[in-house]
Amino acid sequence: MHGLAVPATPASGPAADGARAERRLYIAPYRDEAPSNVKVIFDADGRVCYADERPSDRCIDGWLWERWEGTQTGGQRWAGHHPVRQPDVMRHPPRCGGCAGEAHRDERGMLWLLHIIAQTPLAWPCDIITVTPPMCLADACWALRNCRTEHGFIAVRTQEIDIIGDWGTVYSPTQPPQADQLVLFEDSRMHQVVANRIVIRLNDAVLDETTLSLLSTGGLP
Ligand SMILES: [Zn+2]
């Protein structure tokens, strides 16, 4: 398990001005980007690999990742996550998914803007498992106004995060591939998954209704 305590002092990230100026969402795929047509095979130990595997197909921990190709043109698909840029902002410390700059922090921790779903907790604090990165205030405000969601958003904060696994497609020598699977690092299926997103757990997350209200009304602190 990879512990990721959110540091009290913000770390420097890449310049966010370019992404903000053009209102690009750093983690979102572009329409001219798509998964490469690669052949997934199994090695002698039953682990997934690519028939023409390159060193860049695996992360530093050795897990196999989706290979994509294309260019950052053609407009963005805001609901998606690019399998290189999502992990890029989820590493230590996590950064804003909108601009790849610093995510917002206050005394309650780092800010996440999450869709309300059926599994959204009713009691706080609680642990939340997500593939969504944190956000800065400006991008959270923008997402709240421009991203479609069926049941609305919640804002939560946490002081501590763990990276717990990957999201991806699980392959089997005998069964059809299973897409959109959560595979935890201790799961033996880590050797059968082609990952496309890092999964994290927000430990003891608290609901932040104050910030959500300010963002909704444009009254940024
Ligand atoms: Zn941002």
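The model shown is predicted, which means the values in this text are computed figures rather than measured ones. (Residues numbered from 1 in each chain as written. Predicted model: local features only at pLDDT ≥ 70, side-chain atom pairs only at ≥ 80, totals over all residues.)

Observations concerning the nonpolar core
What counts is decided by this rule: Here, a nonpolar core means buried Ala, Val, Leu, Ile, Met, Phe, Trp, Tyr and Cys residues linked by C-beta atoms lying within 7 Å of one another. Note on burial: count the other C-beta atoms lying within 10 Å of the residue's C-beta; 20 or more is buried, 12 or fewer is exposed, in between is partly exposed, and C-beta positions come from the backbone. Each helix corresponds to a stretch of at least 4 residues labelled H or I by DSSP, and each strand to a stretch of at least 2 residues labelled E; elements are numbered beginning at the N terminus. It is the C-beta atoms, placed from the backbone, that decide contacts: two residues are in contact if theirs lie within 7 Å.
Core analysis: the largest hydrophobic core is formed by 30 residues, its most contacted members being Cys96, Leu111, Met135, Ala140, Val156, Ile200 and Leu202. Every element with two or more residues in this core is listed here: helix H2 (85-90), strand E7 (109-115), helix H3 (137-146), strand E9 (153-158), strand E10 (160-170) and strand E12 (193-207). Of all the elements, E12 adds the most residues to this core, at five residues. Apart from the residues lying within four places of it in its own chain, the contact partners of valine 156 are Trp112, Leu114, Ile128, Leu202, Ala205, Val206, Leu207 and Asp208.

Observations regarding H3
Taken together, the buried positions of H3 are occupied by Asp139, Ala140 and Cys141. Its buried side turned inward, H3 meets E7 and helix H4 (209-217).

A word on the pairing of E9
Here is the rule we go by: Any two strands between which DSSP finds at least two bridges are classified as paired.
Within E9, five of the six residues are buried, leaving the element largely enclosed by the surrounding structure. Here E7 pairs with E9 via six bridges, running antiparallel. Each bridged residue has a counterpart across the sheet, and for methionine 110 the counterpart in E9 is threonine 158. With two bridges connecting them, E9 and E12 associate as antiparallel partners. Within the sheet, the bridge partner assigned to arginine 157 lies in E12 and is valine 206.

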